Structures are given as structure tokens and as C-alpha cells.
Amino acid sequence: MEPTSETGLRDELLPGPIGISETQEAAAAFAESVAIMARLRGPDGCPWDRDQSFDSIRKYTLEETYEVLDAIERRDWPNLAEELGDLLLQVLFYTQMAADEGRFTITEVLEKLNRKLIRRHPHVFGDAASEAAGNRANVDARVNGSSERVLANWEQIKRAEKLTVADKSEQASLLDQVLRAQPALAEAAKLGSKAAKVGFDWKDWRSLLAKIDEETTELIEAVDGPAPGGPEPEKARKIEVESEVGDLLFTVVNLGRHLGVDAEMALRGTNSRFRERFREMERVATESIGKALSELPPEELEALWSNAKIALARRDAGTEK
């Protein structure tokens with residue numbers, strides 16, 4: 001029988017005798033984490049945690065997400081448990097900051113998640129429960145064990161949600177078709193590609209080189225120019241410099257697009273080469289010079305870098321002596 005009330009649904013969701021203790025332990029541990037985060041942000045807590053904002057924490061969220069992905073790819077299960085905890089910390093941090101500002105609480109976050117899961121799984125919880133949780137899409141809950149049907153229903157329910165909450169007063173844009181929820185390099189390339197469909201694009205890749213020179217000049221002016229006015233000039237300068245770096249990155253990404261190069265993959269390749277060359281520098285410094293890199297002057301570091309590039313290129317070409 002399908003549950004017809006929120007209470008009935010919760011009764012169905014209660015775990016069996018074996019799972020109750022595990023659920024209670026998880027609830028207690030989660031409550032402790034919430035309390036710890038509140039203490040860290042409290043008057044007698046950590047100065048660093050209190051100083052953070054939604055904007056300052058964003059980079060750590062990306063970092064923790066990639067560390068989770070890395071642990072999965074390496075099948076490092078003990079480390080994955082720790083990395084998932086670090087990722088959960090980001091959720092607790094954002095939620096506590098929101099609670100401090102009177103925006104929402106962790107309870108609201110969990111309630112929204114629970115309703116979404118029930119709403120998008122009518123084949124598990126029943127049509128009545130899905131509708132009670134906000135489903136407005138007419139889907140067939142008889143998926144017959146098919147993951148493809150589950151996914152199709154999920155997307156249909158999700159589209160109905162977006163239609164419900166959409167701001168009708170805001171005119172749709174061509175760029176709305178480009179998802180914001182993706183790596184910034186990929187988003188930049190797709191934004192440029194989408195804008196190019198209406199003719200808003202650079203003429204060719206060579207014209208992008210000139211644009212890179214222009215953006216570089218603007219970045220230099222932002223760094224070396226007179227301090228902006230206002231009560232916090234250094235903060236304003238940092239915002240301006242960040243904006244100019246972003247403009248330069250956007251231009252370079254679109255240079256890659258014009259040349260048929262995926263910026264994300266190109267940068268990952270460069271990162272890999274940098275790691276390998278730096279490791280070679282460390283090896284030569286230790287084995288041939290008998291010193292750590294931190295003990296060497298800049299000119300010797302540059303020479304080691306150049307030699308590492310040559311040595312690794314010979315190795316890759318199979319001409320290593």
C-alpha cells in the first residue's frame with residue numbers, strides 16, 4: 001500500500017531491528033559534527049573559521065571534491081572515508097554560515113534532500129508519496145527493474161521542478177543552455193562556442209593572441225596601477241586583479257577552442273609534465289649535487305629545470321643515453 005501521509009512514509013522508512021542502532025549512531029555522530037561546526041564559528045571558536053565567507057570557502061569545496069574523485073580512482077577506500085568527511089565538512093560549513101545569517105539551517109537542507117529523493121523515486125516510495133513530496137510530472141512508476149526508465153523519470157520530474165520554480169520575469173538567454181555546474185574551463189569553452197553561433201566570436205585564433213596581449217596589459221595595470229578608491233583599497237585591488245586573471249583565462253580557453261584543443265585536458269597534461277620534471281629536478285639535486293632544491297639559487301633551479309625537460313624528452317623519444 002502506498003503511504004498517504006508524511007508520518008506513514010517515515011514509518012515505512014524506519015530501518016529494521018539490525019539497522020536501528022547503526023542509524024542512531026550515525027544520527028548522533030552527525031549531530032556532534034553539527035555542534036562542532038557551530039562551536040568553531042561561535043564567539044569562543046576559531047578565528048579562521050569565523051573569518052570565512054561563502055566566497056572564501058568555494059575553492060576548498062572544489063579541492064575536496066577532486067580529492068574524493070582521486071581516492072575513488074585509486075581505490076583507496078580508507079582514504080575515501082576521510083575525504084568524504086572533508087567534503088561533508090564543506091556542507092556543514094556553508095550551512096552554519098547560512099544559519100548565522102538567518103538564511104536556512106541544516107534541518108532545512110536535510111528536509112529538502114529527503115523530499116527530493118522521495119519525489120524523484122515514485123517507483124520506490126509510490127506515486128502518492130512522490131506527489132506529496134512535490135512531484136508534478138506524470139511518469140510511469142512501473143520501471144520493471146530498468147535503470148534507463150528510472151533515469152528518464154528522474155529527468156522528467158527534474159524538468160517539472162525547474163518549471164515550477166522558474167522566474168518567469170527573467171528573459172531566457174541562449175547561454176542558459178550552458179550548465180554552470182561544471183568545471184570553469186569547460187564552461188568557458190562552451191560559453192564561447194554558444195556565443196559563436198550568433199556570430200559573437202573572434203575572427204580566428206590569431207586575433208585571440210592580440211586579445212591575450214590586451215588582457216595581459218590590463219592585468220599589469222590592475223596590479224601596478226594606483227590603488228582603487230573606497231574604504232578598503234587593497235580588497236578592491238584584489239577583486240580587480242582576480243577579475244583580470246579571469247578575463248585572461250577565458251581568452252586562453254577560447255584560444256584552445258579555436259585550435260580544437262580541450263583546455264581542461266591540455267592543462268591536465270601540463271600539470272602531469274610539471275610533476276614529472278620537478279621530480280627529476282629533485283632526483284638530480286639529491287643524487288648529483290647533494291642538496292635539496294630549497295638550498296639552491298634561482299639560476300641553478302632554472303638549469304635543473306631545463307636539463308629535466310631535455311632528459312625526459314629524450315627518454316620519451318627513446319634516445320636516452
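As the structure is a computational prediction, the values presented were derived from the model and not from experiment.

Trainee: An account of the overall build of the protein is requested, with residue identities and associated values reported.
Mentor: Helix and strand content of the protein: 14 helices and zero strands. Across the protein, helices and strands are ordered from the amino to the carboxyl terminus as α-α-α-α-α-α-α-α-α-α-α-α-α-α. For 321 residues, the compact-globule estimate of 2.2 N^0.38 gives 20 Å, and the protein exceeds it by more than 25% at 27 Å. Projected onto its principal axes, the C-alpha coordinates of the protein cover approximately 75 × 55 × 55 Å. Out of the 321 residues belonging to the protein, those deemed buried represent 23%. Across the protein, contacts joining residues at least 24 apart in sequence account for 51% of those joining residues at least 6 apart. Surface exposure of the protein reaches about 22,700 Å², of which carbon and sulfur atoms provide 56%.

Trainee: If you had to explain helix α10 (residues 184–196) to someone new, which residues and values would you point to?
Mentor: Across its 13 residues, α10 extends 18 Å between first and last C-alpha, which sits within 8% of the 18 Å expected from 1.5 Å per residue. Regarding α10, the residues found buried are Glu187, Ala188, Gly192, Lys194 and Ala195. Taken end-on, α10 shows its buried residues confined to a sector of 165°, consistent with a single buried face. The elements touched by buried residues of α10 are α12 (233–258).

Trainee: Quick rundown of the pattern of salt bridges? Include the residues and the values.
Mentor: It is possible for side chains bearing opposite charge to pair when their charged atoms get close. Counting across every chain of the model gives 17 salt bridges. Between Glu214 and Lys211 there is a salt bridge, with the nearest N and O atoms lying 3.1 Å from each other. In this pair, Glu214 and Lys211 are both assigned in helix α11 (residues 205–224), three residues apart and thus about one turn of the helix distant. Taking the relative accessible area as the measure of exposure, Glu214 reaches 37% and is therefore partly exposed. The closest approach of N and O atoms between Glu276 and Arg315, which form a salt bridge, is 2.6 Å.

Trainee: Break down the packing of aromatic side chains for me, with residues and values.
Mentor: For the structure shown, the criterion picks out five aromatic pairs. Arranged with centres 6.4 Å apart and planes meeting at 75°, the rings of Trp48 and Phe93 form a pair that is edge-to-face. Note that Trp48 is positioned in helix α3 (residues 47–51) and Phe93 in helix α5 (residues 77–100), a separation of 45 residues in sequence. Between the aromatic rings of Phe54 and Tyr94, the centroid separation amounts to 6.0 Å while the plane-to-plane angle is 10°, which identifies the pairing as stacked. Note that Phe54 is positioned in helix α4 (residues 54–73) and Tyr94 in helix α5, a separation of 40 residues in sequence. Accessibility expressed as a relative area gives 30% for Phe54, which makes it partly exposed. Chaining the aromatic ring pairs together yields one cluster made of Trp48, Tyr60 and Phe93.

Trainee: Lay out the packing of α4 against α5 in plain terms, naming residues and giving numbers.
Mentor: Angle between the axes and distance between the axes are the two parameters that describe a pair of packed helices. Taken N-terminus to C-terminus, the directions of α4 and α5 make an angle of 160°; their axes are 9 Å apart at the nearest point. The angle between the axes of α4 and α5 places the two elements in the roughly antiparallel class. Crossing geometry of α4 relative to α5 is assigned as left-handed. In this structure, α4 uses Phe54, Ile57, Arg58, Tyr60, Thr61, Glu64, Thr65, Glu67, Val68, Ala71 and Ile72 to contact α5, whose residues at the interface are Asn79, Leu80, Glu83, Leu84, Asp86, Leu87, Gln90, Phe93, Tyr94, Met97 and Ala98. A breakdown of the residues in the contact of α4 with α5 according to their chemical character gives 13 nonpolar, four polar and five charged.

Trainee: Describe the side chain of Arg120, and please don't skip the residues or the numbers.
Mentor: As for its position among the elements, Arg120 is in the loop between α6 (106–119) and α7 (122–125). Polar contacts involving the side chain of Arg120 include one to the side chain of Glu161, which spans 2.6 Å. Once you skip the residues sitting within four places of it in the chain, Arg120 turns out to touch Trp154, Ile157, Lys158 and Glu161.

The rules behind the values
Note that residues are indexed from 1 along each chain, following the sequence as it is written. In view of the model being predicted, local features appear only for residues whose pLDDT reaches at least 70, and side-chain atom pairs are presented and counted only at 80 or more, with totals across whole chains, interfaces and linings using the full set of residues. For side-chain calculations, the full set of non-hydrogen atoms in the structure is used, while hydrogens and water are omitted. Secondary structure elements follow DSSP: runs of H or I of four or more residues count as helices, runs of E of two or more count as strands, with numbering from the N terminus. For the radius of gyration, the atom set is restricted to C-alpha positions; the globular benchmark scales as 2.2 Å times the number of residues to the power 0.38. Residue burial is assigned from relative accessible area. The probe radius is 1.4 Å, only protein chains are included, and a residue is buried under 20% of its type maximum, exposed over 50%, and partly exposed in between. Working rule for contacts: check all heavy atoms of both residues, and any pair within 4.5 Å makes them a contact. Here the Shrake-Rupley method, with its probe set to 1.4 Å, supplies the accessible areas, and only the displayed protein chains count as covering residues. Expected span of a helix, by definition, is 1.5 Å for each gap between consecutive residues, and there is one gap fewer than residues. For this quantity, the arc is that covered by the directions from the helix axis to the C-beta atoms. We count a salt bridge whenever a side-chain nitrogen from Lys or Arg sits within 4 Å of a carboxyl oxygen from Asp or Glu. Pairing of aromatic rings covers Phe, Tyr and Trp, the last through its six-membered ring, and needs centres within 6.5 Å; plane angles under 30 degrees mean stacked, over 60 mean edge-to-face, and all others mean tilted. For helices, the fitted line uses only the C-alpha atoms of the stretch in contact; every axis is such a line through C-alpha atoms, and the angle between N-to-C directions lies from 0 to 180 degrees. For classification purposes, an angle smaller than 35 degrees is called roughly parallel, one larger than 145 roughly antiparallel, one from 65 to 115 roughly perpendicular, and anything else oblique. Take the far helix as the reference: if the near one is turned anticlockwise from it by less than a right angle, the crossing is left-handed, and if turned clockwise, right-handed. Under the convention adopted here, Pro, Cys and the residues Ala, Val, Leu, Ile, Met, Phe, Trp and Tyr are nonpolar, Asp, Glu, Lys and Arg are charged, and Gly plus all remaining residues are polar. Under this definition, polar contacts are N or O atom pairs within 3.5 Å; protein pairs additionally need one hydrogen-donor-capable and one acceptor-capable atom, and for neighbouring residues in sequence, both atoms have to be side-chain atoms.

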